[in-house]
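Chains, contacts and geometry: an overview
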Amino acid sequence: MFDFLLTFIPRAIVQGIPLLYGSTGETLTEKSGNLNLGIPGIMYVGAISGVIGSFFYESSLPSPEAFSGFLAVLITLCATLLGSLLMGLLYCFLTVTLRANQNVTGLAMTTFGVGFGNFFGGSLIKLSGNNMPYLALTNTSMAFRAPMPGANTTGWFGSLFLSYGFLAYLAVILSLIAAFVLKKTRIGLHLRAVGENPATADAAGINVARYKYAATCIGSMIAGLGGLYYVMDYASGIWSNNAFGDRGWLAIALVIFTIWRPNLGILSSFLFGGLYILHMYIPTGMDLTVKELYKMAPYVVTIIVLIISSIRNRRENQPPASLGLSYFREER
Amino acid sequence: MNTSVAVEMRNISKRFGTVQANQDVSLDIRRGEILALLGENGSGKTTLMNMLAGIYFPDSGTISVNGEPAVIASPKEAFELGIGMIHQHFKLVDVLSAAENIVLGLEGKLDLKSAVKKIREICDAYGFDVNPSQKIYDMSVSQKQTVEIVKVLYRGADILILDEPTAVLTPQETDKLFAVLRNMRDDGKAIVIITHKLNEVQTLSDKVAVLRGGRYIGTLITKDTNAQEMTDMMVGRAVSLNIDRPDPVDPQLRLEIRDLTVRNEEGLLKLDHVSFDANSGEILGIAGISGAGQKELLEAIYGLQGTEEGTVIFHDPETNKAIDLKYKTPMQIRQLGVSLSFVPEDRLGMGLVGSMDITDNMMLRSYRSGPHGFLNRKAPKSMARWIIRELEISTPGTTTPVRRLSGGNVQKVLVGREIAQTPKVLMMAYPVRGLDINSSYTIYQLMNLQKEKGVAVIFVGEDLDVLMELCDRILVLCAGKVSGMVDGRKADKQKIGMMMTRVGGEQDGE
C-alpha cells in the first residue's frame, strides 16, 4: 500500500500542478470580476509560446554542446509569460475597455488559443523535419525537470517532496502568495472590492480598470505557466497537438471547487490530479466504458461542491458578486 | 459662527448624451452650515454633487475648494480635498466588514487593528453606533448609512454631501441622523443634504438652494421661507401641496385577510398571522420599516408568494360570492374572474420589461388574447396611446423602450397598464419612490380616482406624511406582525413611528 501511494501521489501531484497554475490564475482574475473563460486557450498559448521559444533557442545553437540549461529555461519562461500576457491584455482590452460580453470573449479566446497552438505546433513539427506527429524538446525539458537536490538520496521523502521540477514548487509558492495578497494586504482588499462591487470601489478612489487589467494579466501569465509546466515537465518536452486536453476547463472547475481560495487550491489540485488519473489505477478489466465513467470523477466532485456551497449559502463562499459583468462608471 | 466658504462652484455644466443634466450652475457651500439642495427628480442635484465627489467630471465651469481652484477628476482627489459624499445607493461591499469598507481605497499598509481604534474614536465623538467587525450584509439600512458616514469622516472629510439620506429611515432614525448632522455642523463642517422633502429642509437646513431642470434657481434662508415658496421655485409654477382625501362612498368589504402567514425562501417568518380587511372605495395605507413584510403581503395576495396558513377571501361585488384566493397563481386568480392589479416596488424588474417598448409592455397583460397563436397587437397599441395621452407620459412614441423613459414616466406606464385592467383591488408598493413632486401628485390623484370608482386601493408607502394625508386607514406592520390599524384622519406621526418599531407601539420602561 505504501509503495502504491509512493507512486500514486507524485503522479497525482504532477497531474495537479497545471491545474493549480490555471486555478490560481483564474481565481485572481475572477476576484477582479472578470470571468475569463479563455483560460484553457491561454494555457494552450502559454504552452506553445514556451515551445516556440525553446525550439528557436535549441535550433539556433551551433552544436548541442553549446546548450545552456539556464538560458533555455529563461528564454522559454519569457516566451510563455509574453504569450499569455498578450492573451490577457487582449481579453482585458475587449471586456474592460470595450466592455464586450465576458463569456463570449472568453469562449472565443479559448477557441482562438487552441487553434493558435495547433497551427504553430503543426508548423514547428514541419520545420523540425521530423516525420513523427510531435516535436521533442528534450534538452530544455531536462532543465525544467531537474529535481531538487537530495531527491534520490532521501528515500521516500525525496520521491514524495523533492522529485519535481522547480515549476511545481513555484506553483505552490504562487498560490500561497496569491492567498496572502488577497487576504492580508490592501491590494487584495481593493481587488476583492472591485470584483464584488466596482461602483463602490470606484467611489472609494480605486482605479477599477487598472485592477481588472492587472489581476487578469497576472492571472493569465500564471495560467500560461500551467501550460508550460504541462509540456516541459509533465510531457517531458514533447509537444503534440491537442495533447493538453481539457485541463483548462478542469482548472476553472477547480476555482469553484476551492470556493475562490487559492490556498485551498494546492491540496485540491492534487486531489483533482489524483481523480484525473484514478481510472488508470482502478482495475476495470477490459471494460473501457467503466474507465470513461471514472474520468468524470473531478467534474462530479465539482458539481457536488457547487451544490453544497449553494445550499449552505454563506455569503463568503459565493462567487464575487459582479463576476461576469462589465463596469461603466457613467452608466445611468 | 465662522461660515467661511468651503466650496465655490461657478458656471458648471454637464451633459449626458442628449440630456443636459446641469447648465451654468453656480453654488456656494459654507462651513458651519447645513445647505439643503432641493429639486425635483432629474433636476440635476445628484449630478451636480457627483461632480464635487469626483464621480463625474464637469464639461465646463470651475470649482474652487477653500479658495483654491480645484480639479476633481476622481473620488480620491475629492477625499484629498476633504469632500465626502454619502450616496443614495450605499457604496458598500456586502461581504466585507464595516472596518474593511471604511478603509477601502486608502493607501499604506493594511492595519485593521488601528483602523478599528480610530473608528471607535469617531463613533464616540459624534454618537454613532457601529460594530467595526460586523459584515455589511448583516446590517440594517440605517446601520449601513452610519458606516457610510463614518467612512467619510474617517477620511477626514469636512465637507459632507448626503444624497437623500432619509429615504430609507424611520422617523426615529431620521431624528437621530439629524441630531448627528447638527453636531457636525456645530463642529464647523460644511454639510449638503440633497432632498426633495420639504419638511426635512425646514427642520434641518440653514439655507436651501433650489435647482430646476439642471439650472440653479436661487438660494433662500430656510427660516425666512415657507413650503409654498420653495415648491413654486422647484416646480417653476404654483402647485397645490394639498393631497385630496374624498370621503369613502359606500365602502363594502372587498378583501378579507385572516391569519396570513408567510415564510420566505430561507425559512424566515415574514408575515405572522396578519389579519385585516380592505374595503371598496377606500385607500388602505400600509406603513412599516422596509422589510417588515409589505412586499410579502402584497405578493401573497396577488398569488406570487406561497403562504403557510391563513386565508385571502375576495368578495365579488357583482355576484356577492366569496372567492378564496389562497394557493392560487396569478393566472388562476384571473381565470376566476377576480380582477387584481399589482404595481410592484421593482418597476423594471417585476412590473415592466425595460428593453421592450410601451406597446409590448401592455401586451404582458394581454398576450393570451390573440387569435389562435397569433398576437393581437392592435388593442395593446391603442391602450398604449390612451395611457400616454391620459397620463401625459412624455415619450417620443409607443415604440420607445421603457428603460429610456424617466422614472416618473416608467411608473406612469406601469400604473396606467394596471388601472386599464379596471381592477377591483389595486395594490401599489412604493408607487412614488424616486418620483418628483409633480409625478407623485399625479399618482396620488390616480389613486383617488380609483378610490372614487369603488376600487379597494392598497398603498404601501414610506413617507408617513403622505400616508396620513391620503389614506383612509393605515395598517402598521412591524416585523411581519400587525402592529395596529390607525384612522388616517386622526393619525399621529410619532405614534405610528413607535408602532413601526414595536408591536402595538407601547413604550415599556424607557
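The model shown is predicted, which means the values in this text are computed figures rather than measured ones.

Things to note about the pattern of salt bridges
Residue and element names in this part refer to chain B. Applying the stated criterion across every chain, the model contains 27 salt bridges over all chains. We note a salt bridge from K45 to E164, for which the minimum N-O separation is 3.9 Å. Residue K45 is located in helix α1 (residues 45–52), and its partner E164 is located in the loop between β7 (159–163) and α6 (171–186); the two are separated by 119 residues in the primary sequence. The two residues K45 and E164 agree in class, both being buried. Taking the shortest distance from any N to any O, the salt bridge between E308 and R263 comes out at 2.8 Å. Here R263 lies in strand β11 (residues 253–263) and E308 lies in the loop between α9 (294–302) and β14 (309–315), a separation of 45 residues in the sequence. Its relative accessible area of 40% is what places E308 among the partly exposed residues. On the basis of relative accessible area, R263 is assigned to the partly exposed category, the value being 38%. A cluster of three or more residues bridged by salt bridges with shared partners is formed by D247, K451, D472 and R489.

Details of helix α10 (residues 208–234) of chain A
All names here are of chain A. Between its first and last C-alpha atoms α10 spans 37 Å; for 27 residues at 1.5 Å apiece the expected length is 39 Å, and the two agree. Approximately 25° is the largest bend angle found in α10, and it occurs at L228. Within α10, 20 of the 27 residues are buried, which leaves it mostly tucked inside the rest of the structure. Between the side-chain oxygen at the start of α10 and the backbone nitrogen of A209 there is a gap of 3.4 Å, and the oxygen is on N207. A positive phi of about 55° marks S236, the residue just after α10.

Remarks on the interface of chain B and chain A
Facing 31 residues of chain B, the contacting portion of chain A comprises 21 residues. When the two sides are added together, the surface that chain B and chain A hide from each other amounts to roughly 2300 Å², 57% of it contributed by carbon and sulfur. Summed over the shared surface of chain B and chain A, the number is two salt bridges. Salt-bridge contacts for B:K135 lead to A:E316; the nearest nitrogen and oxygen are separated by 2.7 Å. Counting across the interface, chain B meets chain A through ten residue pairs in polar contact (both at pLDDT 80 or more). Counting only elements with at least two residues in the side of chain B that touches chain A, the list comes to β1 (5–16), α2 (75–80) and α3 (98–103) of chain B. The element that contributes the greatest number of residues to the side of chain B that touches chain A is α2(B), accounting for three residues.

Here we look at helix α7 (residues 166–184) of chain A
For α7(A), spanning 19 residues, the distance from its first C-alpha to its last is 26 Å, which sits close to the expected 27 Å at 1.5 Å a residue. Taken together, the buried residues of α7(A) touch α1 (2–31), α3 (69–97), α5 (138–145), α8 (186–196), α10 and α12 (262–281) of chain A.

Quick notes on the sheet that holds β11(B)
Sheets are built from strands that pair by backbone hydrogen bonding, the pairs being arranged parallel or antiparallel. All names here are of chain B. The strand order across the open sheet formed by four strands is β12-β11-β14-β15, and the pairing between neighbours is antiparallel. In this open sheet, the two edge strands, each paired with only one partner strand, are β12 (269–279) and β15 (322–324). Each adjacent strand pair in this sheet contributes to an overall mean axis angle of 20°, direction not counted. Relative to β15, β14 runs antiparallel, the two being bridged by three bridges. In the sheet register, F314 faces β15, and the bridge partner there is I323.

So, the layout of surface pockets
Once rolled over the atoms, a probe with the size of a water molecule shows which space is left empty. Its boundaries defined by the atoms lining it, the second largest pocket holds a volume of some 760 Å³. In terms of lining residues, the second largest pocket is bounded by 28 residues, among which A:L182, A:K183, A:K184, A:R192 and B:E100 are the most central. Considering every element that reaches the lining of the second largest pocket, the biggest residue donor is α7(A), with five residues. Class assignment of the residues belonging to the lining of the second largest pocket gives a composition of twelve nonpolar, three polar and 13 charged.

Some remarks on the pairing of β1(B)
Residue and element names in this part refer to chain B. Across eight bridges, β1 lies against strand β2 (residues 19–30) in antiparallel orientation. Bridged to E8 within β2 is D28. If you look at the hairpin formed by β1 and β2, you'll find two residues sitting between the two strands, and G17 has a positive phi there, around 55°. Relative to strand β4 (residues 60–65), β1 is paired through five bridges, and the arrangement is antiparallel. In the strand pairing of β4, S13 is matched with S60.

Digging into a nonpolar patch on the surface
Residues and elements named next belong to chain A. Together, L293, M296, V300, I304 and I308 make up an exposed nonpolar region whose accessible area comes to about 440 Å². At three residues, helix α14 (residues 297–312) tops the list of elements feeding residues into the nonpolar patch. Looking at the element boundaries, V300 is found in helix α14. Relative accessible area serves as the criterion here: at 36%, V300 is assigned to the partly exposed category.

Focus on the packing of aromatic side chains
Aromatic rings considered in pairs are described by the distance between their centres and by the relative angle of their planes. Residue and element names in this part refer to chain A. For the structure on display, the rule yields 22 aromatic pairs over all chains. For the pair F116 and F120, a centre-to-centre distance of 4.8 Å together with 50° between the ring planes defines the contact as tilted. With a gap of four residues between them, F116 and F120 both fall in helix α4 (residues 102–127), about one helical turn apart. Residues F144 and F166 carry aromatic rings whose centres are separated by 5.7 Å and whose planes lie at 20° to one another, so their mutual orientation is stacked. Pair noted here: F144 is in helix α5 and F166 is in helix α7, with a separation of 22 residues, a long-range link. The ring of F328 is capped by R99, whose NZ or CZ atom sits 3.9 Å from the centre of that ring.

Notes on the domain arrangement of chain B
How large an interface is tends to be reported as the accessible area lost when its parts come together. Residues and elements named next belong to chain B. You can read the domains of chain B as domain 1 (5–235), domain 2 (249–339 + 424–436 + 453–510) and domain 3 (351–421). For domain 2 versus domain 3, the distance between C-alpha centres works out to 27 Å. Where domain 2 abuts domain 3, roughly 650 Å² becomes buried across the two surfaces, and 57% of that area is made up of carbon and sulfur atoms. Considering only the surface of domain 2 that becomes buried against domain 3, M331, R334 and L435 emerge as the three largest contributors, covering 48% of it. Taken together, the connections running from domain 2 to domain 3 amount to zero salt bridges. For the pair domain 2 and domain 3, the number of links is two residue pairs in polar contact (both at pLDDT 80 or more). Those elements that provide at least two residues to the side of domain 2 that touches domain 3 are α10 (330–335) and β17 (425–429). Its residues placed into classes, the side of domain 2 that touches domain 3 shows eight nonpolar, one polar and one charged.

About the thresholds
Residues numbered from 1 in each chain as written. Chains lettered and ligands numbered in written order. Predicted model: local features only at pLDDT ≥ 70, side-chain atom pairs only at ≥ 80, totals over all residues. Heavy atoms only, no water. Salt bridge = Lys/Arg side-chain N within 4 Å of Asp/Glu carboxyl O. Helix = DSSP H or I, 4+ residues; strand = E, 2+ residues; numbered from the N terminus. Buried < 20%, exposed > 50% of the residue type's maximum accessible area, 1.4 Å probe, protein only. Expected span 1.5 Å × (residues − 1). Bend = angle between axes of the 7 residues up to and from the residue. Polar contact = N/O pair within 3.5 Å; in protein donor to acceptor, adjacent residues only side chain to side chain. Contact = heavy atoms within 4.5 Å. Buried area = accessible area lost by both parts, 1.4 Å probe. Pairing = 2+ DSSP bridges. Axes fitted to C-alpha atoms, helices over the stretch in contact; angles between N-to-C directions. 1 Å grid on protein atoms, 1.4 Å probe; cavity = no way out; pocket = protein on both sides within 12 Å on 5 of 7 lines; lining within 4 Å. Points joined across faces, edges and corners; volume = space filled by probe spheres on them. Nonpolar A, V, L, I, M, F, W, Y, C, P; charged D, E, K, R; others polar. Patch = residues over 30% accessible without salt bridge, like charges linked within 9 Å, V, L, I, M, F, W, Y side chains within 5 Å. Areas by Shrake-Rupley, 256 points an atom, 1.4 Å probe, with all protein chains shown as cover. Phe/Tyr/Trp six-rings, centres within 6.5 Å; stacked < 30°, edge-to-face > 60°. Lys NZ or Arg CZ within 6 Å of the ring centre and 35° of its normal. Domains from an automatic or database assignment.

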